[in-house]
Amino acid sequence: MLSINPKDIAIEKLHSYLLSAIAPRPIALASTINARGKPNLSPFSFFNVFSANPPILIFSPARRVRNNTTKHTLENIKKTKEVVINVVNFDIVQQMSLSSTEYPESINEFEKAGFTMVASEKVKPLRVGESPIQFECKVKNIIELGTEGGAGNLIICEVVKLHIKEAFLNDEGDINQQKLDLVARAGGSLYSRAKEGFFEIPKPLTTLGIGVDSIPIKIRNSKILTGNDLGMLGNIESVPSKTAVDKFAKEHPQIIGYNSVKKHTFAKAFLEKNDVASAWKVLLMK
């Protein structure tokens, strides 16, 4: 057995061991606002429920290991003491992943990830319209666990209002776990789908993805492409050049002249194989 003293290894390695060993972990897609009312959205997998009376959720935005900086979520909560925690299911997992991109504070991650902003009733932060369950929370306490890179910050939240889409309830009014289809985080680029097991999502670019809001409106309004598909398309640094698209068209002449439904269907097949570049080329073909 490999036995390790945490102080004897690099924080990056310890972080990797912890995230791979303690998995899968539920995901809190946390919505906050800054002091000027600017929305922010970011996912966290250091998260769970800890009490029903009062209803308490806790999540932890950790200090970044690489440079010991903190996330906008933590800074916002310190000022406003409010947060909405949105549940993540398989239908929105790619958009959730895109929202984890470290955009500047001026950027609205709702728009970048292609999520709908819905007003809350008890708190100021917005809800994610596509999330099946949303918890409006008041922050009771923030416990800083350290000052170095990798240190967590426990955000202790009391649920003051929860919203459950009726499509995910059974005839008795209980949550149908099969329909809910939750996803959870594991180590590296792995996720776990509650009813099917592990799958992989490449980590968002260290450079900034263009975002769903930069995808042409005709593609965003597709009847074929899902929110997950759009999330994948938005997690690319730049769209393929005209030269690359023309070359692709010569290699796939059968696609030329396809109507939008056929092109989007063809592009979706590439996305199912994680071939985002080819999907973009199909969509950009004339």
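Residues numbered from 1 in each chain as written. Predicted model: local features only at pLDDT ≥ 70, side-chain atom pairs only at ≥ 80, totals over all residues. Heavy atoms only, no water.

**Student:** With reference to specific residues and values, describe the nonpolar core.
**Tutor:** By size, the foremost hydrophobic cluster in this structure holds 24 residues, and its most contacted members are Ile219, Leu233 and Trp280. Those elements that place two or more of their residues in this core are α7 (227-234), α8 (242-251), α9 (260-271) and α10 (276-284). A per-element tally of this core places α10 first, with 5 residues. Among residues more than four places away in sequence, those in contact with Leu233 are Ile210, Ile215, Ile219, Leu225, Leu271, Val276, Ala279, Trp280 and Leu283. Counting 20 residues, the second largest nonpolar core, distinct from the first, contains Ile133, Cys137, Val139 and Leu180. (Core = buried A, V, L, I, M, F, W, Y, C linked by side-chain atoms within 4.5 Å. Buried < 20%, exposed > 50% of the residue type's maximum accessible area, 1.4 Å probe, protein only. Helix = DSSP H or I, 4+ residues; strand = E, 2+ residues; numbered from the N terminus. Contact = heavy atoms within 4.5 Å.)

**Student:** Which residues make up the pattern of salt bridges, and what values go with them?
**Tutor:** Should their charged atoms come close, side chains of opposite charge can pair. Under the defined criterion, the tally for this structure stands at 13 salt bridges. Salt-bridge contacts for Lys247 lead to Glu251; the nearest nitrogen and oxygen are separated by 2.6 Å. On the criterion of helical spacing, the pair formed by Lys247 and Glu251 is a turn pair, its members being 4 residues apart in helix α8. We classify Glu251 as partly exposed; its relative accessible area is 45%. Several salt bridges share partner residues, and in doing so they unite Arg64, Arg66 and Glu102 into one network. (Salt bridge = Lys/Arg side-chain N within 4 Å of Asp/Glu carboxyl O.)

**Student:** Give me the lowdown on the side chain of Thr73, citing residues and values where you can.
**Tutor:** Within the secondary structure layout, Thr73 lies in helix α2 (residues 72-80). For Thr73, a relative accessible area of 0% translates into the label buried. Apart from the residues within four sequence positions on either side, Thr73 is in contact with Ala30, Thr32, Asn40, Ser42, Phe44 and Phe59.

**Student:** Outline the sheet that holds strand β13 (residues 197-200), listing residues and values.
**Tutor:** Spatially, 4 strands are ordered β1-β11-β12-β13 in an open sheet, and the strand pairing comes out antiparallel. Unpaired on one side and paired on the other, β1 (25-26) and β13 mark the two borders of the sheet. Where strand β12 (residues 190-193) meets β13, 4 bridges bridge the pair, whose relative direction is antiparallel. Within the sheet, the bridge partner assigned to Arg193 lies in β13 and is Gly197. (Pairing = 2+ DSSP bridges.)

**Student:** Provide a residue-level description of the packing of aromatic side chains, including the pertinent values.
**Tutor:** Following the criterion strictly, the structure yields 6 aromatic pairs and no others. Ring centres 5.8 Å apart and planes at 20° place the aromatic pair Tyr191 and Phe199 in the stacked group. In this structure, Tyr191 and Phe199 share a single accessibility class: buried. Taken together through their ring pairs, the aromatic side chains of Phe248, Tyr258, Phe266 and Phe270 make up a single cluster. Sitting over the face of the ring of Tyr191, Arg185 holds its NZ or CZ atom 4.4 Å from the ring centroid. Positioned above the aromatic ring of Phe90, the side-chain terminus of Arg193 is 3.7 Å from the ring centre. (Phe/Tyr/Trp six-rings, centres within 6.5 Å; stacked < 30°, edge-to-face > 60°. Lys NZ or Arg CZ within 6 Å of the ring centre and 35° of its normal.)

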